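Here is what each chain is made of, one letter per residue.
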Amino acid sequence: MQKKILILDFGSQTTQLIGRRLRELNTYCEIVPYNKLPESLDGIAGIILSGSPYSVYDPEAFRTELSALRGHLPLMGICYGAQSLVHQTGGKVEPCNSREYGRAHLDIKHAHDPLMEGVEQGGIVWMSHGDTITTLPDNFRIIASTEDVAAAAFRVDGEQTWGVQFHPEAFHSEQGMRILENFLNVTGIKGNWSPASFIESTVSQLKQTLGDEKVILALSGGVDSSVTAVLLHRAIGKNLTCIFVDHGLLRKNEFENVLKDYEHLGLNVIGVNAKEQFLSALKGVTDPEQKRKIIGKGFIDVFDAEAKKLKDIKWLGQGTIYPDVIESLSITGTVIKSHHNVGGLPERMNLKLVEPLRLLFKDEVRRVGLELGMQPHLIKRQPFPGPGLGIRIIGELTEDKIEILQNADDIYMSMLREWGLYDDVWQAGAILLPIKSVGVMGDERTYEYTVALRAVTSTDAMSADWAHLPYDFLAKVSNEIINKVRGINRVVYDISSKPPSTIEWE
């Protein structure tokens, strides 16, 4: 059994970043809701308690009894997690006079403590809390302070239990990675995760789980489903059948291009033209969540129909990755947006679900793909949403709008490649807005659509900044689209970051 670090999620916006940081240190970890602690701690090398938007005194605060964990294995609380350790042991946590937010300099009190080993005196960490620890329990001792926070970090005597009131996972915490690395050193499992080890363990697990049973896989042409296909193919070979559906909302010529891309992989791929089925179901629909659900249901309908043509299919494979899971349902139960490849399958399909990438972030999926020997242009391909252009056309979908957007998007993506900007951008695409504006072409008045260009930089899609593309490039793309795409007379560029905006518009 592979050892792992368990991260208990108390609702912090940076919980996923803790996981990312541990993976950057080549250490396997999993994030689970605060109230979903496994009955057995077998296989768990250490536990990290995340931050939270709540105060420990808030009646709605997420609470877990920590006494059962302490002393059994290394434990570290971050911000709210640290305050919970103190609060549950009889210490005091009180509101700050002013919110402690931003950079702070560490004053190391015990340089030889395992958590502080090699941490720079005066090094920068990132604070973000409204409460602070004012009184520690008797057996807790301070190992680091800042100018404003006496108990910036503490250790429980006689235990491998620590707490820090700053966020070592934050990008601005210059000493954060060293502190996380020190905690991993205490657990003894640092460096147990790599693309090669993931492939070895995943293929072995897939062979054991699937045996001689057959799998039907939803291929989209993107990185996630492609890597999923190769992993499954390595595990079960000819027992995998891949289905690539043209729902009429793909990029220009994408159906043909994707099928050609898969030729070198040796996969059994069936292409299905289902344009009419999807567009008919979407006629008159304007609500984005409803569009996503209709498209998701359409995929399942197609898979169901194709599965019935095949014999003895038992499993449905999907390229679900961690951000899909996180965004689909938070620990509070609040849906941010539904994903067509997340959630329970209709019982009528009578298929079990296999998602070998479910706990990986996008950059990790790419690393696995390269390790598998896949062609770089497939691995470096930007993410494209499952609902396709259906959520990049704001409002009702029509064939005319789809063609307009396909042409505009094709110009945009082609020019990103021509200008050498494609690999610098996490995700880019064009969005057709449901408004028309007046323009002039030649001596004639026009009244046509506006297209918004979107490009973001990111590492995992959990947060993203708008890409600062050159003005000359944007001017050239705008001219090309307006001159060559009939139906568009205005181009704008989206300079919104995530959060508060999402990468997609719907």
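Residues numbered from 1 in each chain as written. Predicted model: local features only at pLDDT ≥ 70, side-chain atom pairs only at ≥ 80, totals over all residues. Heavy atoms only, no water.

### A word on a negative patch on the surface
Under the convention used in this document: Patches were defined on residues exceeding 30% relative accessible area and lacking a salt bridge, with like-charge contacts within 9 Å and nonpolar side-chain contacts (Val, Leu, Ile, Met, Phe, Trp, Tyr) within 5 Å. Here the Shrake-Rupley method, with its probe set to 1.4 Å, supplies the accessible areas, and only the displayed protein chains count as covering residues. When a carboxyl oxygen of Asp or Glu lies within 4 Å of a side-chain nitrogen of Lys or Arg, that pair is called a salt bridge. The positive count covers Lys and Arg only, the negative count covers Asp and Glu only, and His and the chain ends enter neither. Where a charge sits is defined by one atom per residue type, namely NZ (Lys), CZ (Arg), CG (Asp) or CD (Glu). Strands here mean DSSP runs of E at least two residues long; helices mean DSSP runs of H or I at least four residues long; both are numbered from the N terminus.
A grouping of Glu276, Glu399, Asp400 and Glu403 is seen on the molecular surface, where their side chains present a negatively charged patch. Broken down by element, the residue count for the negative patch peaks at three residues, all from helix 12 (residues 399-418).

### Description of the sheet that holds strand 10 (residues 161-164)
Rule in force here: A pair of strands is considered paired only if DSSP assigns at least 2 bridges between the two. Residue contacts are defined here by distance: any two heavy atoms, one from each residue, within 4.5 Å place the two residues in contact. Throughout, an axis means a line fitted to C-alpha atoms (over the contacting stretch in the case of helices), and angles, computed between N-to-C directions, take values from 0 to 180 degrees.
Taken in spatial order, the eight strands of this open sheet run 2-1-3-4-10-9-8-6, and their pairing is mixed. Each edge of the open sheet carries a strand with a single partner, namely strand 2 (29-33) and strand 6 (107-108). With four bridges connecting them, strand 9 (residues 153-156) and strand 10 associate as antiparallel partners. Bridge pairing in strand 10 links arginine 155 to tryptophan 162. Sitting on the sheet, helix 2 (residues 80-88) touches strand 3 (44-49), strand 4 (75-78), strand 8 (140-145), strand 9 and strand 10, and the angle it makes with strand 4 is about 110°.

### Brief notes about the packing of helix 4 (residues 195-210) against helix 10 (residues 362-371)
Short version of the rule: For classification purposes, angles smaller than 35 degrees are called roughly parallel, those larger than 145 roughly antiparallel, those between 65 and 115 roughly perpendicular, and all remaining angles oblique.
Relative orientation of the contacting elements helix 4 and helix 10 amounts to 80°, with a least axis distance of 9 Å. The angle between the axes of helix 4 and helix 10 places the two elements in the roughly perpendicular class. In this structure, helix 4 contributes Pro195, Ala196, Phe198 and Ile199 to the contact, and helix 10 contributes Arg367, Val368 and Glu371.

### With respect to the sheet that holds strand 15 (residues 352-354)
Each strand in a sheet pairs with its neighbour through backbone hydrogen bonds, running either in the same direction (parallel) or in the opposite one (antiparallel). Sheet architecture is open: five strands sit in the order 13-12-11-14-15, paired in parallel fashion. The sheet is open, and its two edges are formed by strand 13 (269-273) and strand 15, each paired on a single side. Geometrically, the sheet is characterised by an average inter-axis angle of 30° between neighbouring strands, direction not taken into account. Sheet analysis places strand 11 (residues 214-219) next to strand 14 (residues 313-317), joined by four bridges and oriented parallel. Note that in strand 14 the partner of leucine 217 across the bridge is glycine 317.

### Considering unusual backbone geometry
Rules: Whether a residue is buried, partly exposed or exposed follows from its accessible area with a 1.4 Å probe, protein chains only, as a fraction of its type maximum: under 20%, in between, or over 50%, in that order.
Look at the link from lysine 498 to proline 499: it is a cis peptide, with omega at -10°. Topologically, proline 499 is positioned in the segment after strand 19 (488-493). Cis geometry marks the peptide bond from proline 499 to proline 500, where omega comes out at 10°. In this structure, proline 500 sits in the segment after strand 19. The backbone of cysteine 79 sits at a positive phi, close to 55°, despite the residue not being glycine. By the secondary structure assignment, cysteine 79 is in the loop between strand 4 and helix 2. Among the residues examined, cysteine 79 registers a relative accessible area of 5% and is labelled buried.

### Considering the packing of helix 1 (residues 15-24) against helix 3 (residues 176-187)
Definition in use: Classification used: nonpolar for Ala, Val, Leu, Ile, Met, Phe, Trp, Tyr, Cys and Pro, charged for Asp, Glu, Lys and Arg, polar for all others including Gly.
Remark: helix 1 packs on helix 3, axes separated minimally by 10 Å, with the N-to-C direction vectors making an angle of 70°. Classified by the angle between their axes, helix 1 and helix 3 sit roughly perpendicular to one another. Residues Arg21, Leu22 and Glu24 of helix 1 form the contact with helix 3, whose own contacting residues are Met177, Leu180 and Leu184. Across the contact of helix 1 with helix 3, the residue classes tally to four nonpolar, no polar and two charged.

### Structural notes on the packing of aromatic side chains
Selection criterion: Centres within 6.5 Å are what make two rings of Phe, Tyr or Trp a pair, Trp counting through its six-membered ring; a difference in plane orientation under 30 degrees is then read as stacked, over 60 as edge-to-face, and the rest as tilted. Lysine and arginine charges are scored as sitting over a ring when NZ or CZ, respectively, is within 6 Å of the ring centre and within 35 degrees of the ring normal.
Applying the stated rule across the entire model yields twelve aromatic pairs. Here the aromatic rings of tryptophan 419 and phenylalanine 473 are separated by 5.4 Å at their centres, their planes lie at 70°, and the arrangement is edge-to-face. Residue tryptophan 419 is found in the loop between helix 12 and strand 16 (427-441), and its partner phenylalanine 473 is found in helix 13 (residues 471-484); the two are separated by 54 residues along the sequence. One aromatic cluster is present, formed by Phe10, Tyr34, Tyr54, Phe62 and Tyr80 through successive ring pairs. Over the face of the ring belonging to tryptophan 193 we find arginine 23, whose NZ or CZ atom lies 5.9 Å from the ring centre. The ring centre of tryptophan 426 lies 5.3 Å from the NZ or CZ of arginine 366, which sits over that ring.

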